[in-house]
Amino acid sequence: MTDMMTSIGISALNAAQAGLLTTGNNIANASTPGYSREQTVQSALPSLGTGNGFIGQGVNVTTVKRLYSSFINTQLQQQQSASSQLTTYYNQIQQINNIIADPAAGLSPALQNLFSAINGVSNAPASIAARQGLISNAQSLTGTFQTLNQVMTGLASSTNQQIASSVVNINAYAKQIASLNQSILTSSASNTFQQPNSLLDQRNQLISQLSQEINATVLKQPNGSDTVYIGNGQPLVVGNQAMTLNTVPAQSNPTQLDIAYVTPNGATLRLPTNSIQGGNLGGLMAFQNQSLVPTQSQLGLIATGLGMAINTQQLQGQDLNGALGTPLFQIASPVVIANQSNTGTATVSATITQASALTGSNYTLSYNGSQYTLTRLSDHTVTTSSTMPMNVDGLSLQVSATPNAGNSYLIEPTINGAQNLKVILTDPTKIAAAIPVQGNASSTNIGTGSLSAPTVTSGLPLNPNLQDTVNLTFTSPTTYTVTDSTTGTTLASGVTYAPGGTISYNGWSATLNGAPQTNDVFTVSANTGASTDGNNAVAMGALQSQNTLLGGTASFAVAYAQLVSQVGTQTSQLQVQSTAQTNLVNQTTQNQQSISGVNLNEEAANLIQFQQAYQAAGKAIQVSNTMFSTVLGMLN
């Protein structure tokens, strides 16, 4: 009996000791990331049958159980992945929003200053100071465009660096998970019925960190290892083998990075950009493709549209020296990038034919052997043609030769618009503030007819006869003849006079009113009063409020305001979504910690409980020893 009582006491002592050790370990790891609270699992030893019934033989510590919910943990990993993507995306786009929405550093003040300077020239066309002010403000505007573009270029470079860093982290986590898979298999093999709790916690923590870099799907295997999948189902970790990811220049645009998957046999497979979801990497890729490039292109569209509109008006004017105007701005050309997998020598070029029709989107042009397909990337609108050139959205596309089937090209019409907009006119006298033609009535006229100031209507290129001397000679009060005295050509005869009607020849238009008489003559000729004429500058200044962009729906300021609003709205939405997702992660973390987390108050109570149990077990052993000594004394 004393032997049995001693055995029971020892089993109780061992159970209490295991409880103390487990509780102590919980307390020690209360702040360890990824640690799951542990608990001893006890079972009663088989009872011994006697004539007086079954008497227990003590207790056995079956295992040390890890308090863990696989469902909640998987849910938490998915939520952390989504939260990391939203937070990363928000932090990146916020940098764009801060600069373009800045009332001092943004584009709006520079635009206003430019048109104020243009109006200054229209009011004082002979003033060299006003003309120099126009050039200075134009240079300041291009500097603002370039500053804004530099921020985005810097963000593009920074994003590439962060993408590369994220890939390094993913590879490191994959390697460690694979190593832990092997350690877990080894530990489980030596003790089939017990789990290596600390190794399982370490692996779950690494998978959690991996999920914050990229969305990962985990499939638990019967042997205890975890298989990890990413992208469109590519295995990243299989047993003790870890695959790797690489960054490679994108085939369509080498300035950006693609994610490449290295297969076990060493082959490299480019992952589709849209398959990279979740985590920091997903946020960076989404920011680059959905916000950074479109914003840079939209800013370039405004710069290109502004430069082309002012250049067009400048070319329709006459400078202070009496010469026709020359361009004020240098305009960036569209960028065409051939896919790196293309074969053959065919090249594609693009020119801007109509700035108002530009959309700000990039395009891909592909050829299947018989047909060209142009895809607008902003909304995936497709235009097809079997021949070249193609004219779409203000662009003209040409090919040097027929491409090989399967070839494709990325077309970025305005990506460099802000960066390469430059002022190339530096002589203030060459500001074309005047209209190149003027209208006059003969001093011998006897009627009351009057001719309005002519305007240029021919567009570009200008009519070569624009500045010829054209006479309107009335052969009667209701008819007139039009002659070009410069070339000696009769342009029209017997024309019926309609008061207020528009008269257009040689690329100019004017309006004749009143009641001319027979032999009255009106003349349109080259402007000899350019120093006092600011009418072309007036037309240039009117561009500020004209809807010259986005299909004739927006002015320069409105287009920029739309860009600011678009980025601001996207930033605000991401902030709200990121905050909501963070709150969801916090709630799920609380649920997970309620199961797996260490409660120090609870552990302190357990510590006292097991301490008392240990003391009681020791007392039982002491009683057993006393009884045994008593029996021995009786035998003596």
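Keep in mind that this is a model prediction, so the values were computed, not measured. (Residues numbered from 1 in each chain as written. Predicted model: local features only at pLDDT ≥ 70, side-chain atom pairs only at ≥ 80, totals over all residues. Heavy atoms only, no water.)

Q: So, the overall build of the chain: which residues are in play, and what are the values?
A: The secondary structure content of the chain amounts to 9 helices and 30 strands. Compactness check: the chain gives a C-alpha radius of gyration of 41 Å against a globular reference of 26 Å for 636 residues, more than 25% above the reference. Summarising its shape, the C-alpha atoms of the chain cover approximately 165 × 50 × 40 Å along the three principal directions. A total of 636 residues make up the chain; the buried ones form 44% of that total. For the chain, the share of sequence-separated contacts (at least 6 apart) that also reach a separation of at least 24 residues comes to 68%. Entry remark: accessible area of the chain is about 28900 Å², with carbon and sulfur atoms responsible for 52%. (Helix = DSSP H or I, 4+ residues; strand = E, 2+ residues; numbered from the N terminus. Rg over C-alpha atoms; globule rule 2.2 N^0.38 Å. Buried < 20%, exposed > 50% of the residue type's maximum accessible area, 1.4 Å probe, protein only. Contact = heavy atoms within 4.5 Å. Areas by Shrake-Rupley, 256 points an atom, 1.4 Å probe, with all protein chains shown as cover.)

Q: Please set out the pattern of salt bridges residue by residue, giving values where relevant.
A: Following the criterion strictly, the structure yields 7 salt bridges and no others. We note a salt bridge from R270 to D258, for which the minimum N-O separation is 3.1 Å. Separated by 12 residues along the polypeptide, R270 in strand β11 (residues 268-270) and D258 in strand β10 (residues 257-262) bring together distant segments of the chain. The partly exposed category is assigned to R270, whose relative accessible area is 28%. According to the relative accessible area criterion, D258 is buried, its value standing at 13%. Here D393 and R376 are joined by a salt bridge, their closest N and O atoms 2.8 Å apart. Taken together, the residues D393 in the loop between β18 (390-392) and β19 (395-399) and R376 in strand β16 (residues 372-376) connect sequence positions 17 residues apart. Of the residues examined, D393 reaches a relative accessible area of 21% and is grouped as partly exposed. Here the salt bridges share partners, and the residues they tie into one network are R203, K220 and D226. (Salt bridge = Lys/Arg side-chain N within 4 Å of Asp/Glu carboxyl O.)

Q: How would you explain a nonpolar patch on the surface if you had to name every residue and give the values?
A: Where nonpolar side chains cluster on the molecular surface, the patch consists of I27, L600 and L607 and spans about 230 Å² of accessible area. With respect to the helices and strands, L600 occurs in helix α9 (residues 600-635). You can call L600 partly exposed: its relative accessible area is 48%. (Patch = residues over 30% accessible without salt bridge, like charges linked within 9 Å, V, L, I, M, F, W, Y side chains within 5 Å.)

Q: Quick one: what's the story with the packing of aromatic side chains, residue by residue and with numbers?
A: Tallied over the full model, the rule gives 7 aromatic pairs. Judged by centre distance (6.2 Å) and plane angle (75 degrees), the rings of Y89 and F287 are edge-to-face. With Y89 in helix α2 (residues 70-100) and F287 in helix α6 (residues 279-315), the pair connects residues that are 198 residues apart, well separated along the chain. With respect to burial, Y89 and F287 carry one shared label: buried. Between F115 and F556 the ring centres are 6.0 Å apart and the planes differ by 15 degrees, which places this aromatic pair in the stacked class. Here F115, found in helix α3 (residues 107-123), pairs with F556, found in helix α8 (residues 556-596); they are 441 residues apart in sequence, far enough to count as distant. Judged by its relative accessible area of 1%, F115 is buried. In textbook terms, an aromatic cluster arises when at least three aromatic residues are bridged by ring pairs, as seen for F474, Y480, Y497 and F522. Just above the ring of Y68 sits the side chain of R66; from NZ or CZ to the centre is 4.1 Å. (Phe/Tyr/Trp six-rings, centres within 6.5 Å; stacked < 30°, edge-to-face > 60°. Lys NZ or Arg CZ within 6 Å of the ring centre and 35° of its normal.)

Q: Lay out the confidence of the model for the chain with the relevant residues and their values.
A: Of the residues in the chain, 98% reach a pLDDT of 70 or more, and the chain-wide mean stands at 91. The spread of mean pLDDT over the elements of the chain runs between strand β2 (residues 48-50), the lowest at 77, and strand β21 (residues 422-423), the highest at 97. (pLDDT = per-residue confidence, 0-100.)

Q: So what about the sheet that holds strand β5 (residues 217-220)? Which residues, and what values?
A: Each strand in a sheet pairs with another by means of backbone hydrogen bonds, the pair being arranged parallel or else antiparallel. Pairing within the open sheet is antiparallel, and its 4 strands lie in the order β5-β6-β7-β8. Edge positions in the sheet fall to β5 and β8 (241-242), since each has one partner strand and no second. Pairing of β5 with strand β6 (residues 226-230), which is carried by 4 bridges, proceeds in the antiparallel orientation. Paired with V218 across the strands is V228, a residue of β6. Across the sheet, helix α4 (residues 128-190) touches β6, β7 (234-238) and β8, and the angle it forms with β7 is around 50 degrees. (Pairing = 2+ DSSP bridges. Axes fitted to C-alpha atoms, helices over the stretch in contact; angles between N-to-C directions.)

Q: So what's going on with the packing of α6 against α8? Residues and values would help.
A: Running from N to C, α6 and α8 cross one another at 175 degrees; their axes reach a closest spacing of 10 Å. Between α6 and α8, the interaxial angle falls into the category roughly antiparallel. Counted together, Q290, S291, T295, Q298, L299, I302, G305, L306 and A309 of α6 and F556, A559, Y560, L563, V567 and Q570 of α8 form the full contact between these two elements. (Parallel < 35°, antiparallel > 145°, perpendicular 65-115°, else oblique.)

Q: Talk me through the packing of α3 against α6; I want residue IDs and the actual numbers.
A: As a packed pair, α3 and α6 sit with axes 13 Å apart at the nearest point and diverge in direction by 5 degrees. The orientation of α3 with respect to α6, classified from their angle, is roughly parallel. The segment α3 lies against α6, with L107, L111, L114, F115 and I118 engaging L299, I302, L306 and I310. Taken together, the residues that form the contact of α3 with α6 break down as 9 nonpolar, no polar and no charged. (Nonpolar A, V, L, I, M, F, W, Y, C, P; charged D, E, K, R; others polar.)

Q: Tell me about the nonpolar core, and name the residues and values.
A: I100, L107, F145, L299, L306, I310 and L365 are the most contacted members of the largest nonpolar core, which has 71 residues in total. For this core, the element with the highest residue contribution is α6, accounting for 10 residues. Not counting residues within four places of it along the chain, the set of residues in contact with F145 comprises L107, L299, I302, A303, L306, A418 and L421. Judged by nonpolar contacts, the second largest core, of 30 residues, contains I177, L180, L210 and Y261. (Core = buried A, V, L, I, M, F, W, Y, C linked by side-chain atoms within 4.5 Å.)

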